[in-house]
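# Notes for the structure review
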Amino acid sequence: MLTLINGQYFLAVTLTLAFIGLIIAYWEEGLGGGITLISLIVLFIGWNDFHIGFILGMGVISIPSILYVAYWLRVYRAVKKAGRATLP
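Now for a look at the structure at hand.

Here we take up the packing of helix H2 (residues 29-46) against helix H3 (residues 52-61). Between H2 and H3, the shortest axis-to-axis distance is 11 Å and the interhelical angle comes to 175°. One element, H2, and the other, H3, form an angle in the roughly antiparallel class. Contacts between H2 and H3 involve Leu40, Leu43 and Phe44 from the first element and Phe54, Ile55, Met58 and Ile61 from the second. For the contact of H2 with H3, the class distribution of residues is 7 nonpolar, no polar and no charged.

This is the structure in structure tokens:
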């Protein structure tokens, strides 16, 4: 019973952090996407019941965070490249 309760707390905390990360990602793409991606990775590694539904669900849920982080990296590189091009 105790492991079930601890598992539910773990699930609730990581999914809450993922949701908060997606809310933050609306304004700050890199920070929010990173928080969401890290919390989903922790959930994926820490969860002990692997079956095909869980793996597919984690893949689908992580798509927005991966897209936020990829967009942020692309913009960050473009700004950095533009800053180097304008220097004398």
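So, about the nonpolar core. If you look at the biggest cluster of nonpolar residues, it comprises 6 residues: Ala18, Leu40, Leu43, Trp47, Phe54 and Met58. At the level of elements, H2 and H3 are the ones that each hand at least two residues to this core. Ignoring sequence-local partners within four residues, the contact set of Trp47 consists of Gly7, Phe10, Leu11 and Phe54.

Moving on to a nonpolar patch on the surface. Together, Ile41, Phe44, Ile45, Phe50 and Ile55 line one region of the surface with nonpolar side chains, adding up to about 470 Å² of accessible area. Element by element, the count of residues in the nonpolar patch is highest for H2, at 3 residues. Checked against the element boundaries, Ile45 lands in helix H2. Its relative accessible area of 64% is what places Ile45 among the exposed residues.

Quick notes on the rules
- Residues numbered from 1 in each chain as written.
- Predicted model: local features only at pLDDT ≥ 70, side-chain atom pairs only at ≥ 80, totals over all residues.
- Heavy atoms only, no water.
- Axes fitted to C-alpha atoms, helices over the stretch in contact; angles between N-to-C directions.
- Helix = DSSP H or I, 4+ residues; strand = E, 2+ residues; numbered from the N terminus.
- Parallel < 35°, antiparallel > 145°, perpendicular 65-115°, else oblique.
- Contact = heavy atoms within 4.5 Å.
- Nonpolar A, V, L, I, M, F, W, Y, C, P; charged D, E, K, R; others polar.
- Core = buried A, V, L, I, M, F, W, Y, C linked by side-chain atoms within 4.5 Å.
- Buried < 20%, exposed > 50% of the residue type's maximum accessible area, 1.4 Å probe, protein only.
- Patch = residues over 30% accessible without salt bridge, like charges linked within 9 Å, V, L, I, M, F, W, Y side chains within 5 Å.
- Areas by Shrake-Rupley, 256 points an atom, 1.4 Å probe, with all protein chains shown as cover.
- Salt bridge = Lys/Arg side-chain N within 4 Å of Asp/Glu carboxyl O.

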